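Single-letter residue listing:
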Amino acid sequence: VQLQAFGGGLVQPGGSLRLSCAASRGTFSSYGMGWFRQAPGKEREFVAGISSSGGYRYYADSVKGRFTISRDNAKNTVVLQMNSLKPEDTAVYYCAATPRALATTRGQYEYWGQGTQVTVSS
């Protein structure tokens, strides 16, 4: 499966952004999907995951209550809605796919998009 993420940009603290990830060349509905992020000088970390059916969602503690992951299997897309953004959310965000129904660790994901930059700054 090939993934392409887009929707990043510059936003002020407290603002919102919506990231999208489009999938191709695979049976999208059979993959668990996730979003990760990597800030300069830091490890890539899990942000949110959604099961292949969309029935289960998991979030990192740092984004719970602010971010929402969703998917549309008919359109082969997964979305990360980010609200109440903070400067510490600044990072390159990656979407990823796993053949597992759901996964929360980097090593469980096999396919990665190219990343999209999110900068939260006044």
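Since the model is a prediction, treat every value here as computed from it, not as a measurement.

Undergrad: So, the state of the cysteines: which residues are in play, and what are the values?
TA: If you walk through the whole model with that rule in mind, you get 1 disulfide. In this model cysteine 21 forms its disulfide with cysteine 95; the gap between the sulfur atoms is 2.1 Å. Its S-S torsion of about 55 degrees marks the bond between cysteine 21 and cysteine 95 as right-handed, since a negative value means left-handed. Within this pair, whereas cysteine 21 is found in strand 3 (residues 17-24), its partner cysteine 95 is found in strand 9 (residues 91-98), the two being separated by 74 residues in sequence.

Undergrad: I'd like to hear about the environment of glutamate 88, residue by residue, with values.
TA: Counting through the fold element by element, glutamate 88 comes out in the loop between strand 8 (77-82) and strand 9. Look at glutamate 88 and you get exposed, because its relative accessible area is 56%. For the pair glutamate 88 and valine 120, spaced 32 residues apart in the sequence, the C-alpha separation amounts to 7.6 Å.

Calculation criteria
- Each residue is numbered by its place in its chain's sequence as written, counting from 1.
- Owing to the predicted nature of the model, reporting of local features is limited to residues with pLDDT of at least 70; listing and counting of side-chain atom pairs is limited to 80 or more, with chain, interface and lining totals taken over all residues.
- Water and hydrogen atoms play no part in the side-chain values, which are based on all heavy atoms of the structure.
- Disulfides are defined as pairs of cysteine sulfur atoms found within 2.5 Å of each other.
- For the purposes of this entry, the term helix denotes a DSSP run of H or I that reaches at least four residues, the term strand denotes a run of E that reaches at least two, and both are numbered from the N terminus.
- Only protein chains enter the area calculation, which uses a 1.4 Å probe; residues under 20% of their type maximum are buried, those over 50% are exposed, and those in between are partly exposed.

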